[in-house]
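A look at the structure
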Amino acid sequence: MKKLFAMLLTLMMSFTLTACNGDEKSADSEKISEKNKILVAYFSCTGSTKNLAETSAEILKADLYEIKPAVPYTTEDLNYKDETTRATVEQRNQTARPELADKNANIGQYDIIVIAYPIWWHTAPKIIETFLESYDFSGKKILPICTSGGSDIIESVDNLKNLPLKNVQWLEGKCFFKNPAPEQIKAYFGSVNLQ
Ligand SMILES: Cc1cc2nc3c(=O)[nH]c(=O)nc-3n(C[C@H](O)[C@H](O)[C@H](O)COP(=O)(O)O)c2cc1C
């Protein structure tokens, strides 16, 4: 009888331990999104930033929103070798604010907004400024990430921080070269305090 009781107890304990371990595992993988609701808002013309944004949203268990221009950029608009083309002319004009196709990003329901953009002439495309000035970001954390052909993120973030956004906390951003591996993106988010 005593032996049977001991066996039953061991069985029950091992079941409880397994259940606990299972819970811990899922709590760990849900860690980031459990506490903070995250939106990844991205602008991309040739796909690199779109890939970065999609992978980021997957890693962070975040929602995804595409920042679309009312007038899409053509290949010729992006030709930075010709200084008279649209993207280059806009980037040289401090007051340029290309119109958005929609204002449907429900910013109010998120705690952290990851803004993903390509580097254009060392800065963020002007449409990112339109986006940031079109919503109320007060009380939010903003995390800028970008893709580039080699430039870093510094100048673009300095520029965005000069926008008149009230009560916003900027998190440490990062620029990725073209199409980074998911492991690299994951390692970066692991190094940022998103709690
Ligand atoms: C108008 C324009 C200007 C650019 N300026 C820079 C630059 O200053 N530094 C840089 O490293 N890459 C520059 N690039 C390259 C883009 O940052 C890079 O290709 C980026 O990954 C494109 O992102 P997307 O595919 O999401 O549009 C520029 C590209 C364009 C179209």
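About the cut-offs
- Residues numbered from 1 in each chain as written.
- Predicted model: local features only at pLDDT ≥ 70, side-chain atom pairs only at ≥ 80, totals over all residues.
- Helix = DSSP H or I, 4+ residues; strand = E, 2+ residues; numbered from the N terminus.
- Buried ≥ 20, exposed ≤ 12 C-beta atoms within 10 Å, placed from the backbone.
- Contact = placed C-beta atoms within 7 Å.
- Near = placed C-beta within 6 Å.
- Nonpolar A, V, L, I, M, F, W, Y, C, P; charged D, E, K, R; others polar.
- Axes fitted to C-alpha atoms, helices over the stretch in contact; angles between N-to-C directions.
- Parallel < 35°, antiparallel > 145°, perpendicular 65-115°, else oblique.
- Left-handed = near helix turned anticlockwise from the far one by under 90°.
- pLDDT = per-residue confidence, 0-100.
- Pairing = 2+ DSSP bridges.
- Right-handed = clockwise from strand over helix to strand, strands pointing away.
- Core = buried A, V, L, I, M, F, W, Y, C linked by C-beta atoms within 7 Å.
- Expected span 1.5 Å × (residues − 1).

A separate point is the overall build of the protein. Scanning the protein for helices and strands turns up seven helices and six strands. Helices and strands in the protein line up, N terminus first, as α-α-β-α-β-α-β-α-β-α-β-β-α. Per-residue burial over the protein gives 27% buried out of 195 residues. Looking at the protein alone, contacts between residues at least 24 apart form 78% of all its contacts between residues at least 6 apart.

Right, let's get into the environment of Thr 75. Mapped onto the elements, Thr 75 comes out in the loop between β2 (63–66) and α4 (86–91). In the structure, Thr 75 is positioned 29 residues away from Thr 46 in sequence and 9.0 Å away in space, judged by C-alpha atoms.

So, about the site of the ligand. Around the ligand sit 22 residues, and of these Ser 44, Thr 46, Thr 49, Pro 118 and Gly 149 come closest. The greatest single-element share of the shell around the ligand, amounting to three residues, is contributed by helix α3 (residues 48–60). Along the lines of polarity and charge, the residues of the shell around the ligand split into eight nonpolar, twelve polar and two charged.

Quick look at the packing of α3 against helix α7 (residues 182–191) now. Two numbers describe how α3 lies on α7: the axes approach to 10 Å, and their chain directions differ by 55°. Regarding the angle of α3 to α7, the classification is oblique. For the element pair α3 and α7, the recorded crossing hand is right-handed. Of the residues in α7, those touching α3 at Leu 52, Thr 55, Ser 56, Ile 59 and Leu 60 are Pro 182, Ile 185, Lys 186 and Phe 189. The residue makeup of the contact of α3 with α7, split by class, is six nonpolar, two polar and one charged.

A few words now on the confidence of the model for the protein. Mean pLDDT for the protein: 87, with 83% of residues reaching 70 or above. Confidence drops under pLDDT 50 across residues 8–30; counting only partners more than four residues distant or on other chains, this segment forms zero contacts.

Turning to the pairing of strand β1 (residues 38–42), a few remarks are in order. Burial of β1 is extensive: five of the five residues sit out of reach of the surface. Burial along β1 is two-sided: the face carrying Ile 38, Val 40 and Tyr 42 and the face carrying Leu 39 and Ala 41 are both buried. As paired elements, β1 and strand β3 (residues 112–118) share five bridges and run parallel to each other. Within β3, the position partnered with Val 40 by the bridge is Val 114. As paired strands, β1 and β2 are joined by four bridges and run parallel to one another. By the bridge assignment, Leu 39 is partnered in β2 with Asp 63. A crossover connection joins β1 to the parallel β2 through α3; in handedness this β-α-β unit is right-handed.

Turning next to the nonpolar core. Counting residues in each nonpolar core, the largest one holds 38 residues, and the members touching the most others are Leu 39, Val 40, Ala 41, Ile 113, Val 114, Ala 116 and Ile 128. For this core, the secondary structure elements donating two or more residues are β1, α3, β3, α5 (126–133), β4 (141–148) and β6 (174–177). Here this core gets six residues from one element, more than from any other, and that element is β3. Those residues in contact with Ile 113 that lie beyond four places of it in its chain are Leu 39, Ala 41, Ile 107, Phe 137, Lys 140 and Ile 142.

Next up on the list: unusual backbone geometry. Positive phi is not limited to glycine here, since Lys 61 has a value of about 55°. Considering the arrangement of structural elements, one finds Lys 61 in the loop between α3 and β2.

With that settled, consider α3. The end-to-end C-alpha separation of α3 is 18 Å, in line with the 18 Å expected for 13 residues at 1.5 Å each. Turning to α3, its buried residues are Ser 48, Thr 49, Leu 52, Ala 53, Thr 55, Ser 56, Ala 57 and Leu 60.

Next up on the list: the environment of Ala 105. With respect to the helices, strands and loops of the structure, Ala 105 is situated in the loop between α4 and β3. Through-space distance from the C-alpha of Ala 105 to that of Phe 131 is 9.5 Å; in sequence the pair is 26 residues apart. Not counting chain neighbours up to four residues away, the residues in contact with Ala 105 comprise Leu 39, Ala 41, Tyr 65 and Tyr 135.

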